Amino acid sequence: MPNNENHRTNRIGRHLPTSGGLKNTLQKAAEQECETIQIFVSNPQQWADPNPRPDAEAFINGKDELGVYPLVAHAKYLINLASKDEGQRGKSTNALARELVAAGELGVDLVVVHSGSHGGEGEEKGMEHLVEGLDRARELAAKFAGGSRTAEPLVENSCGAGTQLCSDLDTLASVLRRADVRCCFDTCHAFVAGHDLSSPEAAKETGAEIREKLDGGIGLFHLNDARNSFGSRRDGHARIGEGEVPEESWTAFFGELPNIPVAMETPYATPEVDADQIRKVKELVGGLRLRAGGL
Ligand SMILES: [Zn+2]
Ligand SMILES: [Zn+2]
């Protein structure tokens, strides 16, 4: 249902570094007034399994005190569940399972994973592998966790570069249905893949179409402005208001998509600029005040 309330219903936050320790991550979240945050639970560029963190308990208590939720992790960029190579698929499935477990141990709710590339084997074959990989990763994670809590995987839409899957709503909706998962919808990827956000009118229409086709299947938005042009199929995140999408488009877009958390993955700047971006997005998406109970 479109959001006509005065108060905002989308929780707003961003990806934050963990390099200075998780305590530092939470401090940044507090300074920037993030209502949700995304982190990495392992090195995203390497296959090494996530390491247990000595500061896990302090992190879990700290995020509860701050009232930050949902907590999100972005899975390794190397993971390609749709790969035509069986060895790569096995490695990817195992890595995702390990991340779901490590995320669960940190009190993280959601793990975003790229939908992957079929590598020339064809879209249908790639989708079969992706659906199988998601099923298998959840099974494995449950086994590794031995009854402890694991995080929920979210499949992310792509830019449609090369043989990437899920750059269009129909393919994405089909994966969500077949694998019984929800998605993370990235606005930069969508824009460069040909979903028009170039004016408030276009953004409202795009938002309504997303709501209809993915109905209830969106667990998170990645809110990123696009450095590259509409339909270019080239990724490149820009800060809000600094790329190809006019700021007013976000108001129209999220007006159609209330109650879904939003995390930015835009380039870091100074603490002032970072805080300003969060404030700006809150204002664009319905106001600084979050409606009580708003998700
Ligand atoms: Zn993203
Ligand atoms: Zn991206």
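All values reported here derive from a predicted model rather than from experimental measurement.

Secondary structure assignment for the protein yields nine helices and 10 strands. In summary, the protein has a C-alpha radius of gyration of 18 Å against a globular reference of 19 Å for 295 residues, a match within 12%. Residues counted as buried form 47% of the 295 residues belonging to the protein. Of all intrachain contacts in the protein linking residues separated by at least 6 positions in sequence, the fraction that spans at least 24 positions is 79%.

Quick look at the pairing of strand β4 (residues 110–114) now. Among the five residues that make up β4, five are buried, leaving the element largely enclosed by the rest of the structure. Pairing geometry for strand β3 (residues 71–74) and β4, over three bridges, is parallel. Paired with H74 across the two strands is V112, which belongs to β4. On the question of chirality, the crossover connecting β3 to the parallel β4 by way of helix α3 (residues 86–105) is right-handed. Handedness of the crossover is the feature at issue here: the chain leaves β4, passes through helix α4 (residues 123–145), returns alongside strand β5 (residues 152–156), and the resulting connection is right-handed.

What follows is about the packing of α3 against α4. Packing of α3 against α4 brings their axes to within 8 Å, and their N-to-C directions diverge by 45 degrees. Our classification of the angle between α3 and α4 gives oblique. You can see that α3 and α4 cross each other, and the crossing is right-handed. Of the residues in α4, those touching α3 at R89, S92, T93, N94, L96, A97, R98, L100, V101 and G104 are H129, G133, R136, A137, L140, A141, F144 and A145. Its residues assigned to classes, the contact of α3 with α4 comprises nine nonpolar, six polar and three charged.

In this section: the environment of I240. Following the sequence through the fold, I240 ends up in the loop between β9 (237–238) and α8 (247–255). The class of I240 is buried, set by 20 C-beta atoms lying within 10 Å. Setting aside its immediate chain neighbours within four residues, I240 contacts D225, E247, T266, Q277, K280 and V281.

On to the environment of S19. When you line up the elements, S19 lands in the loop between β1 (12–15) and α1 (22–32). Considered as a pair, S19 and F40 are 21 residues apart in the sequence and their alpha carbons are 9.7 Å apart.

Taken across its five residues, strand β6 (residues 182–186) has four buried, putting it largely inside the fold. Taken together, the three bridges between β5 and β6 define a ladder with parallel strand orientation. Bridge pairing links E156 to C184 in β6. Following the chain from β5 across helix α5 (residues 169–179) to the adjacent parallel β6, one finds a crossover that is right-handed. When β6 meets strand β7 (residues 218–223), the two strands line up parallel, connected through four bridges. Each bridged residue has a counterpart across the sheet, and for C183 the counterpart in β7 is I218.

Contact pair helix α7 (residues 200–214) / α8: the axes reach a minimum separation of 7 Å and the direction vectors enclose 25 degrees. In terms of axis orientation, α7 runs roughly parallel to α8. At the point where α7 passes α8, the crossing takes the right-handed sense. Residues P200, A203, K204, T206 and G207 of α7 touch α8, and the partners they reach there are E248, S249, T251, A252, F253 and G255. Its residues assigned to classes, the contact of α7 with α8 shows four nonpolar, five polar and two charged.

So, on to α7. Taking 1.5 Å per residue as the helical rise, α7 with its 15 residues ought to reach 21 Å, and the 21 Å between its terminal C-alpha atoms agrees with that figure. For α7, the complete set of buried residues consists of A203, T206, G207 and I210. The buried residues of α7 occupy one face: seen down the axis, they fall within an arc of 100 degrees. When the buried face of α7 is taken as reference, the exposed residues oriented beyond 90 degrees from it are E201 and E212. Contact partners of the buried residues in α7: α5, β6 and α8. Two residues or fewer past α7, G216 is found with a positive phi of approximately 75 degrees.

About the cut-offs
- Residues numbered from 1 in each chain as written.
- Chains lettered and ligands numbered in written order.
- Predicted model: local features only at pLDDT ≥ 70, side-chain atom pairs only at ≥ 80, totals over all residues.
- Helix = DSSP H or I, 4+ residues; strand = E, 2+ residues; numbered from the N terminus.
- Rg over C-alpha atoms; globule rule 2.2 N^0.38 Å.
- Buried ≥ 20, exposed ≤ 12 C-beta atoms within 10 Å, placed from the backbone.
- Contact = placed C-beta atoms within 7 Å.
- Pairing = 2+ DSSP bridges.
- Right-handed = clockwise from strand over helix to strand, strands pointing away.
- Axes fitted to C-alpha atoms, helices over the stretch in contact; angles between N-to-C directions.
- Parallel < 35°, antiparallel > 145°, perpendicular 65-115°, else oblique.
- Left-handed = near helix turned anticlockwise from the far one by under 90°.
- Nonpolar A, V, L, I, M, F, W, Y, C, P; charged D, E, K, R; others polar.
- Expected span 1.5 Å × (residues − 1).
- Arc of directions from axis to C-beta.

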